[in-house]
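These are the residues of each chain, in order.
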Amino acid sequence: MSNVILGAIAMASLVAAMFFVRFWRDTHDRFFLLFAVAFALDAITRLTLGLSDVAAEHEPFFFLARLVTFALILIAIIDKNWSREPRR
């Protein structure tokens, strides 16, 4: 993948992480914190991929980092929708 595209994706992920951090600071909702961590991890992974001499992004390190990113997003969604109160 082109380094320019990887840089743009990393920048967009970092901006999204900063927005979620701001929302978390306002609400202290764990959902926003998990999303911020996921997007920050994605930005770090894309930046590392762009700066390294790895031939493909299918290397185990990058694959596992993306797996953790998507797992964090899934955990945030499940945690947000998990009912803590009994339904009426």
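Above this text sits the structure in question.
Note that the structure is predicted; figures quoted are calculated from it, not measured.

Draft legend 1. Region of the structure containing the overall build of the chain. Per the secondary structure count, the chain includes three helices and zero strands. Across the 88 residues in the chain, those meeting the buried criterion constitute 30%. In the chain, once contacts between residues fewer than 6 apart in sequence are set aside, the share between residues at least 24 apart is 57%. Total accessible area on the chain is roughly 6,500 Å²; 70% of this is exposed by carbon and sulfur atoms.

Draft legend 2. Here's a closer look at the pattern of salt bridges. Applying the stated criterion across every chain yields a total of three salt bridges. For R46, the salt bridge is made with D42, and the minimal N-O distance between the two is 3.2 Å. Taken together, the residues span about one helical turn, with R46 and D42 both in helix α2 (residues 30-51) at a distance of four residues. Owing to a relative accessible area of 14%, R46 belongs among the buried residues under this scheme. According to the relative accessible area criterion, D42 is buried, its value standing at 10%.

Draft legend 3. Summary view of unusual backbone geometry. The phi torsion at H28 lies on the positive side, around 55°, for a residue other than glycine. On the secondary structure map, H28 appears in the loop between α1 (3-27) and α2. For H28, a relative accessible area of 59% translates into the label exposed.

Draft legend 4. Spatial organisation of the packing of α2 against helix α3 (residues 60-81). Close contact between α2 and α3 brings their axes to 9 Å; oriented N to C, the two are set at 165°. Our classification of the angle between α2 and α3 gives roughly antiparallel. Like other packed secondary-structure pairs, α2 and α3 cross with a definite hand, here left-handed. Here the contact of α2 with α3 is composed, by residue class, of 16 nonpolar, three polar and six charged.

Scoring rules and cut-offs
Residues numbered from 1 in each chain as written. Predicted model: local features only at pLDDT ≥ 70, side-chain atom pairs only at ≥ 80, totals over all residues. Heavy atoms only, no water. Helix = DSSP H or I, 4+ residues; strand = E, 2+ residues; numbered from the N terminus. Buried < 20%, exposed > 50% of the residue type's maximum accessible area, 1.4 Å probe, protein only. Contact = heavy atoms within 4.5 Å. Areas by Shrake-Rupley, 256 points an atom, 1.4 Å probe, with all protein chains shown as cover. Salt bridge = Lys/Arg side-chain N within 4 Å of Asp/Glu carboxyl O. Axes fitted to C-alpha atoms, helices over the stretch in contact; angles between N-to-C directions. Parallel < 35°, antiparallel > 145°, perpendicular 65-115°, else oblique. Left-handed = near helix turned anticlockwise from the far one by under 90°. Nonpolar A, V, L, I, M, F, W, Y, C, P; charged D, E, K, R; others polar.

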